[in-house]
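Residues per chain, in single letters:
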Amino acid sequence: MPRGQVSLSLVEASVGIIFILAVTSVFVTGLPAPDHRPAQLDAYAGDIATVLASEPPRHADETRLAEVAATPASFQRERDALERRVTRLVPQNLLYLVETPHGSIGFRPPTGITVGTATVQTTGGPVTIRVWYA
Amino acid sequence: MTRHRRVTRATADTRAVSPAVGKTLEIGMGVLVIALLTSTLYGSVIPEYRADAGVELADTALASALSTTETTVPPPGASVSVSTQVRLPTTIRGSTYEIVANGTRLELQHPHHRIGRTVPLSVPSRVVAVTGTWRSTKPFVVTATGNRSAVTLHIGGAV
Amino acid sequence: MWGADAGRGIGRAQANLPAFAIAVLLVTSTASLSLFVVDGAFGAVDREPIERARAAGLAAALVDADSPLAERANVLNRSRLAGLDATFDTAFPSASALDLRITLDEEVLVERGTPTGGTSVRRLVLVADRDTRTIEPALSGSEQAVTLPRRASSVTVALDPPPGTTVTTLRVNDRVVLHDPAGLDGQYDVAISRFETARLAFDVSGPLPPGSVQLRYRPATTRKAVLEVTVDA
């Protein structure tokens, strides 16, 4: 009895076309561009660390970062001033976290996001500054 | 009865081409088309695209070498020896290449005529000389030596 | 039954070859169309990695402690920044052939060529504004001291004591910096610490009328800014 049969050649041709289009689609969408944000964020964090490490503190005769990292008491005393200073220093579109041996100042970085880091060694210990795009 | 047999014979004679010959023709056509496509692609299209991809890869490799060299400078007033290493691709478009440092420029040299690039270095005036030649079969290492007023950078393979 | 089968064989044998030819035509034309697409993708070779590396190198050269603009790392002098356009080509010869733009807080400092579509690198800096302050303190008593209201890295002390009065010693925060038993007279540049407030104490024998001691210092007022370097190769 008469049956409509799809010509096998056309089925094979469509399979071949799908293969070719699959390869072409890679060129159409393009590969993702290499991410340059980590380098920029690291530069920001390094700049903030450099500025903080060479700033005079309010009280004693060490730099601001060294005083914050020295003892838990000095950390508690200096943290508000440091927080104000870092908030004024950091651009509007960034959030920050300053980690000292005696505590942290700032916001918690969300997981899975690119974070720039810089560490300064002070007489009281290492101070790590992290920044990320808000 | 006679009509029936005639129809049968006419049917057998009106076949244009037997299936075996038809398939053979199809196979022959298919092979011809594939050969044509392959030779066209590999002859002119693909080598050009490989060269384009090689140019982009050479740019990335040279940019990485440039930034590594420029940041391997000891801080002012320090009399230390600094050495940094970075991973660069071993081959570009199938062949090894070289990066040559001559004074103020880094040059990537490659056998292919389209791949090859020179970039100027921007280093502080403390750096008096940048020397060395690096072959891509070795890891890329930059070494800075000297004293606080005269620093020499040298690029080359692993120490 | 034989006839029916043969009939279907006739149809397939005759229609197969043109169907195959059409199929081959379709596949070949798809392949050549996709070559056009691929050509477009490969034709746009961008120089972005080199641009980014050179922009980062130039930004580092501007901001580092070695830079002609910098007083110390990441602290740039405002007057030298304002005059950057005139001194840029001699101070940074490695950037001579580039199309670039350098902006500070969106204000263009230097522009060479047409850097549209280039890549940018940003750095955080402090801009230091240094103006000279002068104070002429009125000192009285035998141990006379004055405290500088702002921190600075050096102070120029101009001493002009009247005849009959000798200034023997100048101490800064209890550290002796100038001492002359025969009497200090003239202009002296004294380095002090940026990190602590300076208290200058003079050992004087005799009265010091106002005007005989003049202190000149240059405190830095800093504000933060974003330096952006855009390079188009």
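Before any of the text, the structure's been laid out above.
Numbers given for residues are sequential positions, taken from 1 along each chain in its written order. Labels are handed out in written order, letters beginning with A for the chains and numbers beginning with 1 for the ligands. Whole-chain, interface and lining totals are the exception, using all residues; otherwise, since this is a predicted model, local features are given only for residues with pLDDT of at least 70 and side-chain atom pairs are given and counted only at 80 or more. Only heavy atoms go into the side-chain values, all of them from the structure, while hydrogens and water stay out.

**What to know about the overall build of chain A**
The secondary structure content of chain A amounts to 4 helices and 4 strands. Principal axes of the C-alpha set define a box for chain A whose edges measure 100 × 25 × 25 Å. A 1.4 Å probe rolled over the protein chains alone gives each residue an accessible area, and that area as a share of the maximum for its type sets the label: buried under 20%, exposed over 50%, partly exposed in between. Buried positions account for 37% of the 134 residues belonging to chain A. The contact criterion used is simple: two residues touch if any of their non-hydrogen atoms lie within 4.5 Å. In chain A, of all internal contacts separated by at least 6 residues, the share reaching a separation of at least 24 is 57%. In short, Shrake-Rupley with a 1.4 Å probe defines the accessible areas, and a residue's cover is counted only from the protein chains shown. Only carbon and sulfur atoms are counted for the fraction: they give 60% of the accessible area of chain A, which is about 7500 Å². Distance between charge centroids for chain A: 7 Å, based on 11 positive and 12 negative side chains. Under the scheme used here, helices are H or I runs from DSSP no shorter than 4 residues and strands are E runs no shorter than 2 residues, and both carry numbers assigned from the N terminus. Note that His is not counted, nor are the chain ends; the positive residues are Lys and Arg, and the negative ones are Asp and Glu. Where a charge lies is defined by one atom per residue type: Lys uses NZ, Arg uses CZ, Asp uses CG and Glu uses CD.

**Examining the pattern of salt bridges**
What counts as a salt bridge is simple: a side-chain nitrogen of Lys or Arg found within 4 Å of a carboxyl oxygen of Asp or Glu. Under the criterion given, the structure shown has 18 salt bridges over all chains. C:E111 serves as the salt-bridge partner of C:R101, at 3.8 Å between the closest nitrogen and oxygen. Taken together, the positions of C:R101 in strand β3 (residues 99-104) and C:E111 in strand β4 (residues 107-112) put the pair 10 residues apart, joining distant regions of the chain. Judged by its relative accessible area of 22%, C:R101 falls in the partly exposed class. Accessibility expressed as a relative area gives 38% for C:E111, which makes it partly exposed. Put simply, B:E48, B:D52 and B:R114 are held in one network by salt bridges that share partners.

**Focus: the sheet that holds strand β2 (residues 98-102) of chain B**
All names here are of chain B. A pair of strands is considered paired only if DSSP assigns at least 2 bridges between the two. Pairing in this open sheet of 4 strands is antiparallel, and the strands run β4-β3-β2-β6 from one edge to the other. Because the sheet does not close on itself, it has two edges, and the strands there are β4 (116-120) and β6 (133-135). Strand-to-strand twist of the sheet, defined as the mean angle between neighbouring strand axes without regard to direction, takes the value 10°. In the sheet, β2 pairs with strand β3 (residues 105-109) via 5 bridges, with the strands oriented antiparallel. Bridge pairing in β3 places I99 opposite L108. Simply put, an axis is a line fit to the C-alpha atoms, just over the touching stretch for a helix, and the angle between two N-to-C directions goes from 0 to 180 degrees. Lying on the sheet, helix α2 (residues 19-71) is in contact with β2, β3 and β4; it crosses β4 at an angle near 25°.

**Comments concerning the sheet that holds strand β1 (residues 94-100) of chain A**
Residue and element names in this part refer to chain A. Strand order in the open sheet formed by 4 strands is β2-β1-β4-β3, with antiparallel pairing between adjacent strands. Across the chains shown, the open sheet's two edge strands, defined by having one partner strand only, are β2 (103-106) and β3 (116-122). The sheet shows a mean angle of 15° between the axes of neighbouring strands, taken without regard to direction. Inspection of the sheet shows β3 paired to strand β4 (residues 125-133) by 7 bridges, in the antiparallel sense. The partner of Q121 across the bridge, within β4, is P126. Contacting β1, β3 and β4, helix α2 (residues 37-53) crosses the sheet at an angle of about 135° to β4. Helix α4 (residues 72-89) rests against β1 and β2 of the sheet, and its axis sits at about 25° to β2.

**Structural notes on the nonpolar core**
Membership of the largest hydrophobic core comes to 30 residues, with the highest contact counts inside it found for B:L88, B:Y97, B:I99, B:L106 and B:F140. Among the elements of the structure, α2, β2, β3, β5 (127-131), β7 (140-146) and β8 (151-156) of chain B together with α2 (48-63) of chain C are those that each provide at least two residues to this core. By residue number, the principal contributor to this core is α2(B), which donates 7 residues. For our purposes a nonpolar core is just a set of buried Ala, Val, Leu, Ile, Met, Phe, Trp, Tyr and Cys residues, chained together by side-chain atoms within 4.5 Å.

**Topic: the packing of aromatic side chains**
The geometry of an aromatic ring pair is captured by the separation of the ring centres together with the interplanar angle, meaning the angle of the planes. All names here are of chain B. Stacked, tilted and edge-to-face pairs are distinguished by plane angle, under 30 degrees for stacked and over 60 for edge-to-face with tilted covering the rest, among Phe, Tyr and Trp rings (Trp via its six-membered ring) whose centres lie within 6.5 Å. Following the criterion strictly, the structure yields 4 aromatic pairs over all chains and no others. A ring pair is formed by Y97 and W134, whose centres lie 5.7 Å apart and whose planes are at 75°; its orientation type is edge-to-face. Remark: W134 occurs in strand β6 and Y97 occurs in the loop between β1 (82-86) and β2; sequence separation between them is 37 residues. Across the pair, W134 and Y97 agree in class, each one buried.

**Details of the interface of chain C and chain B**
At the interface, 25 residues of chain C touch 35 residues of chain B. For the pair chain C and chain B, the summed buried surface comes to about 2600 Å²; carbon and sulfur atoms form 70% of the total. Summed over the shared surface of chain C and chain B, the number is 1 salt bridge. Between N or O atoms, a polar contact is any pair within 3.5 Å; within protein, one atom must be a potential hydrogen donor and the other a potential acceptor, and residues adjacent in sequence are included only when both atoms are from side chains. If you look at where chain C meets chain B, you find 2 residue pairs in polar contact (both at pLDDT 80 or more). Among the secondary structure elements, those contributing two or more residues to the side of chain C that touches chain B are α1 (2-43) and α2 of chain C. It is α1(C) that provides the largest number of residues to the side of chain C that touches chain B, a total of 13 residues. Residue type decides the class: Asp, Glu, Lys and Arg count as charged, Ala, Val, Leu, Ile, Met, Phe, Trp, Tyr, Cys and Pro as nonpolar, and the leftover types, Gly among them, as polar. Of the residues that constitute the side of chain C that touches chain B, the class distribution is 15 nonpolar, 5 polar and 5 charged. As used here, buried area is the combined drop in accessible area, with a 1.4 Å probe, of two parts when they are placed together.

**Comments concerning the pairing of strand β9 (residues 166-172) of chain C**
Residue and element names in this part refer to chain C. As defined by bridge partners, β9 adjoins strand β12 (residues 199-205) across 6 bridges and the pair is classed as antiparallel. Following the sheet pairing, V172 is matched in β12 by L200. Bridge count between β9 and strand β10 (residues 175-179): 4 bridges; the pairing is antiparallel. Pairing of T169 across the sheet is with H179, part of β10. What sits between β9 and β10 in their antiparallel hairpin is a turn of 2 residues, with N173 showing a positive phi close to 50°.

**With respect to the interface of chain A and chain C**
Taken together, the contact between chain A and chain C spans 31 residues of the former and 29 residues of the latter. Here chain A packs against chain C, burying approximately 2600 Å² in sum over the two surfaces, 65% of which is carbon and sulfur. Contact with chain C buries surface across chain A, with A:I20, A:F27 and A:D47 losing the most and accounting together for 20% of the total. Here chain A is connected to chain C by 1 salt bridge. The residue C:R123 makes a salt bridge to A:D47 at a minimum N-O spacing of 2.8 Å. Linking chain A with chain C are 4 residue pairs in polar contact (both at pLDDT 80 or more). Broken down by secondary-structure element, the contributors of at least two residues to the side of chain A that touches chain C are α1 (8-29), α2 and α4 of chain A. The element that contributes the greatest number of residues to the side of chain A that touches chain C is α1(A), accounting for 9 residues.

**Brief notes about the side chain of C:E228**
Residues and elements named next belong to chain C. Assignment of secondary structure puts E228 in strand β14 (residues 220-232). Of the residues examined, E228 reaches a relative accessible area of 16% and is grouped as buried. One polar contact links E228 to S120, side chain to side chain, over a distance of 3.1 Å. The residues contacting E228, other than those within four sequence positions of it, are R101, I102, T103, S120, V121 and R122.

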